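Read off the chains here:
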Amino acid sequence: MERAESETFSEELADALVRIQRLIRRRLRGGTSGPRLRGAEVELLRLVESRPGIGVSDAARALHLASNSVSTLVNQLVRDGYLLRETDPADRRAARLRLTGAAEKRLGDWQRRRAELVGRHVSRLDDTDREALRAALPALRKLAARLHEETEEP
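Since the model is a prediction, treat every value here as computed from it, not as a measurement.

Enquirer: Would you take a moment to explain the layout of surface pockets for this structure?
Expert: Regions of empty space are outlined by a rolling probe, equal in size to a water molecule, passed over the atoms. Considering only enclosed or pocket space, the largest pocket measures out at about 2100 Å³ in volume. As for the largest pocket, its lining consists of 45 residues, and the residues nearest its centre are Leu17, Ile20, Gln21, Ile24 and Arg114. Elements that contribute at least two residues to the lining of the largest pocket include exactly helix H1 (3–29), helix H2 (39–50), helix H5 (101–123) and helix H6 (127–152). It is H1 that contributes the most residues to the lining of the largest pocket, 13 residues altogether.

Take a look at the structure:
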């Protein structure tokens, strides 16, 4: 692939992925109860869901955000009733994060609604397009892993 063609493909892929994510987020905003959660708040909740008891500094590293930014997110989510901040018994100065029942319910609802939304639109594609998307998933996962690895480098 020529360099100009490769750059065009990269731009088109990035644009398509961003557009899909933005449209999914917009569609899911409607029909939720409680305060609207920003993208970074949802990312933090999903991280805590996958790693219960994670500390603020580890969460900041995982999300590639400054610790003070994550602390601000934690404070807001604790106020809104979505996160519990527990004292680490091994280090009384450190906090461990856990989801509340309200957060678990909200994330579960969000994931179900997201799967239904995407599934509904994927089902409207023809068989060839659905198979192309299915075949692209391993490459997209590798791309995500490589992008993640690059952000981990010093």
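Enquirer: What's the story with the pairing of strand S1 (residues 83–88) in this structure? I'm lost.
Expert: It is a general feature of regular strands that their side chains alternate between the two faces of the sheet. Pairing analysis gives 6 bridges linking S1 to strand S2 (residues 91–99), with the strands arranged antiparallel. Along S2, the bridge assignment pairs Leu83 with Leu99. Hairpin connection, S1 to S2: the antiparallel pair is bridged by 2 residues.

Enquirer: Sorry, what's going on with the packing of H2 against H5 here?
Expert: For any two helices packed against each other, one specifies the crossing angle of their axes together with the interaxial distance. Two elements in contact, H2 and H5, have axes separated by 11 Å at closest approach and are oriented at 105°. Looking at the two axes, H2 sits roughly perpendicular to H5. Judged by residue contacts, Val42, Leu45, Arg46 and Glu49 of H2 engage Ala103, Leu107, Trp110, Gln111 and Arg114 from H5. For the contact of H2 with H5, a count of residues per class yields 5 nonpolar, 1 polar and 3 charged.

Enquirer: Would you mind going over the pattern of salt bridges with me for this structure?
Expert: Two side chains carrying opposite charge are able to pair once their charged atoms lie near each other. Applying the stated criterion across every chain, the model contains 9 salt bridges. Across the pair Asp58 and Arg61 runs a salt bridge whose closest N-O atoms are separated by 2.3 Å. Placement of the pair is Asp58 and Arg61 together in helix H3 (residues 56–63), with a separation of 3 residues, close to one helical turn. On the basis of relative accessible area, Asp58 is assigned to the partly exposed category, the value being 29%.

What counts, and at which threshold
- Residues numbered from 1 in each chain as written.
- Predicted model: local features only at pLDDT ≥ 70, side-chain atom pairs only at ≥ 80, totals over all residues.
- Heavy atoms only, no water.
- 1 Å grid on protein atoms, 1.4 Å probe; cavity = no way out; pocket = protein on both sides within 12 Å on 5 of 7 lines; lining within 4 Å.
- Points joined across faces, edges and corners; volume = space filled by probe spheres on them.
- Helix = DSSP H or I, 4+ residues; strand = E, 2+ residues; numbered from the N terminus.
- Pairing = 2+ DSSP bridges.
- Axes fitted to C-alpha atoms, helices over the stretch in contact; angles between N-to-C directions.
- Parallel < 35°, antiparallel > 145°, perpendicular 65-115°, else oblique.
- Contact = heavy atoms within 4.5 Å.
- Nonpolar A, V, L, I, M, F, W, Y, C, P; charged D, E, K, R; others polar.
- Salt bridge = Lys/Arg side-chain N within 4 Å of Asp/Glu carboxyl O.
- Buried < 20%, exposed > 50% of the residue type's maximum accessible area, 1.4 Å probe, protein only.

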